[in-house]
Amino acid sequence: MAARVSLGSQLKKGCLLSPHHVRTFSVLKSASKRSTTRTAPLYPPSTSKASTMSGPAPATTATASSSTPRKSATKNEKKAKKAVPATDNTEAQLQQIENMMNMANTSNLFPTMDMWGTKLVTLDVEIPREAPLRMLFSNPGAFWHATQHNFSNWLKNTFSMYTIAKAGAFPGVDCDFRFSHLFLPRTWRQLGNITSPSSKSWLAPLRRIATDNYLAVGRAIADKDEATLKVLTTADHATKVNKIVRTRQPGQVWQWKVLSDVSDKALFQEKGLFRPLAMSPGVTIVSIRSGEVYVAREPPKRGHRLVIHALVKFETTQEFKMFTKQGQLIDAGSAEPRRVVEYLVLEKVGWYDNTWQVRDQIYT
């Protein structure tokens, strides 16, 4: 999957907030105007060079020379017409950039307005591919592509973890990260192992938050609690979930329950070299991405500058039942416990005082 570049990185790469660049864009704008005046032809299109000379010209010379300037004038006019849209487009882009910089410089005048709360696409979180060693002999091509995919995902995960650690944005973790910590092996065990079920992992609190929010969203769908869904889901995902809620037939009662163990004992386990996990943790972070979107000159009043997307795998045993208004079970066959695997994208906007929200669902 191609890497997607966030708006924040584009703005940052363009150095939009530097005062030096404010003057630079003004200079570019005036330079573009001067270039249009300098490229004007020395002689008017309708006047030949011979006509500027004093004295009468022979009739044959005027007749012969009149056709040539007309053709050249027509060509010059066509070139000028083609060049005008490019100049206008450049000036429009410069004006747009200047407007954005003025908004950034005057953001303190509008404290209730979030100028960086732009609508973003889901970052390029990826579901890992299975690549068992036996695939190397049965299907080496598929094994190679799966290994490349997983290695690329690991690199992006590690860099995003470094970005989050540098910003101190791990929830529930007091991480005083410094550049010198990169030379410690324990730092790389944290940065490069996002799937760790250990309670000492920097992502352990996030796994607990993801589990609690997952359970709360499921209960809210069953109870038709749209207020809770609005808090725990983003606007786009809330629209999808509310469609499910509103398609329920009047009088029906839904009952949803997770039968798997989702306690801290199951979530947080220590895995040794010769000691496998006692049980499946049920909730695993398989991909994480972060980007600096809040690029104003002053830091946000709360939180941090990042937008973080975490792809979480939920592997649980669930039970879903539907009852009539009189309490009769509808479709007893579908009420049997089932193993459910879901991949949900959780989002955290660093400068908002809210919890992690379910943003999207990715299917295999």
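Since the model is a prediction, treat every value here as computed from it, not as a measurement.

Criteria and cut-off values
- Residues numbered from 1 in each chain as written.
- Predicted model: local features only at pLDDT ≥ 70, side-chain atom pairs only at ≥ 80, totals over all residues.
- Heavy atoms only, no water.
- Helix = DSSP H or I, 4+ residues; strand = E, 2+ residues; numbered from the N terminus.
- Buried < 20%, exposed > 50% of the residue type's maximum accessible area, 1.4 Å probe, protein only.
- Contact = heavy atoms within 4.5 Å.
- Areas by Shrake-Rupley, 256 points an atom, 1.4 Å probe, with all protein chains shown as cover.
- Salt bridge = Lys/Arg side-chain N within 4 Å of Asp/Glu carboxyl O.
- Expected span 1.5 Å × (residues − 1).
- Patch = residues over 30% accessible without salt bridge, like charges linked within 9 Å, V, L, I, M, F, W, Y side chains within 5 Å.
- Phe/Tyr/Trp six-rings, centres within 6.5 Å; stacked < 30°, edge-to-face > 60°.

Caption draft 1: Representation of the overall build of the protein in the model. Of regular secondary structure, the protein possesses 10 helices and 6 strands. Here the protein holds 364 residues, and the buried ones make up 36% of them. Long-range pairs, those at least 24 residues apart, make up 68% of the contacts in the protein between residues at least 6 apart in sequence. Surface summary for the protein: the accessible area is close to 22900 Å², and the carbon and sulfur share equals 58%.

Caption draft 2: Fine view of the pattern of salt bridges. Evaluation of the coordinates by the stated rule reveals 11 salt bridges. Among the ionic pairs, D264 bridges to R208, the shortest N-O distance being 2.6 Å. Of this pair, D264 sits in helix 10 (residues 264-267) while R208 sits in helix 7 (residues 204-223), and the two are 56 residues apart along the sequence. Since its relative accessible area comes to 42%, D264 is described here as partly exposed.

Caption draft 3: Examining helix 7 more closely. Taking 1.5 Å per residue, 20 residues should reach 28 Å; helix 7 reaches 29 Å between its end C-alpha atoms and fits that length. Burial analysis of helix 7 places 15 of its 20 residues in the buried class, the great majority of the element. A positive backbone phi angle near 60° is found at K224, which sits one or two residues after helix 7.

Caption draft 4: View of unusual backbone geometry. Of note in this structure, K224 is not a glycine but carries a positive phi near 60°. Mapping K224 onto the fold places it in the loop between helix 7 and helix 8 (226-232). Since its relative accessible area comes to 48%, K224 is described here as partly exposed.

Caption draft 5: A look at a nonpolar patch on the surface. A cluster of nonpolar side chains, namely L133, L136 and F137, defines an oily patch on the protein surface of about 350 Å² accessible area. Looking at the secondary structure, you find F137 in helix 4 (residues 135-138). On the accessibility criterion, F137 (68% relative accessible area) is exposed.

Caption draft 6: Expanded view of the packing of aromatic side chains. On inspection of all chains with the given rule, the structure shows 11 aromatic pairs. Their ring planes at 45° and their centres at 6.4 Å tell us that F159 and Y162 sit as a pair that is tilted. Of this pair, F159 and Y162 are both found in helix 5 (residues 140-167), 3 residues apart, which corresponds to roughly one turn of the helix. The exposure class assigned to F159 is exposed, which follows from its relative accessible area of 57%.

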